[in-house]
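# Descriptive structure summary
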Amino acid sequence: MSPIENHFKNVPDYYDWMYLDGYTPEEILYAFHRKMDREQEEREALNEGFDSIKVKSEVKLKK
């Protein structure tokens, strides 16, 4: 565990009204970053089954 993780170990997951509960801006930012990291991991896990994506588009000009 890094010193930063140890310092913020009691910070809960991010929610909109953290500042009303007395959390500092640094604690709120740390919680938000953890939330973003978790969501990114979930999105990457969903996309692991795709090797590539083919996009086919067609443009028609009207005269």
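Going through the model one piece at a time under the given rule, you end up with three aromatic pairs. Ring plane angle 20° and centroid distance 4.6 Å describe the contact between Phe-8 and Tyr-30, whose orientation is recorded as stacked. Remark: Tyr-30 occurs in helix 2 (residues 25-46) and Phe-8 occurs in the loop between helix 1 (3-7) and helix 2; sequence separation between them is 22 residues. Of the residues examined, Phe-8 reaches a relative accessible area of 13% and is grouped as buried. Centre to centre, the rings of Trp-17 and Tyr-19 are 6.1 Å apart; their planes meet at 50°, and the pair counts as tilted. As far as the burial class goes, Trp-17 and Tyr-19 line up, both exposed.

Attention shifts here to a nonpolar patch on the surface. Together, Trp-17, Tyr-19 and Leu-20 line one region of the surface with nonpolar side chains, adding up to about 390 Å² of accessible area. With respect to the helices and strands, Leu-20 occurs in the loop between helix 1 and helix 2.

Definitions and limits used
Residues numbered from 1 in each chain as written. Predicted model: local features only at pLDDT ≥ 70, side-chain atom pairs only at ≥ 80, totals over all residues. Heavy atoms only, no water. Phe/Tyr/Trp six-rings, centres within 6.5 Å; stacked < 30°, edge-to-face > 60°. Helix = DSSP H or I, 4+ residues; strand = E, 2+ residues; numbered from the N terminus. Buried < 20%, exposed > 50% of the residue type's maximum accessible area, 1.4 Å probe, protein only. Patch = residues over 30% accessible without salt bridge, like charges linked within 9 Å, V, L, I, M, F, W, Y side chains within 5 Å. Areas by Shrake-Rupley, 256 points an atom, 1.4 Å probe, with all protein chains shown as cover. Salt bridge = Lys/Arg side-chain N within 4 Å of Asp/Glu carboxyl O.

Interpretation note: all reported values are geometric properties and have no functional meaning in isolation.
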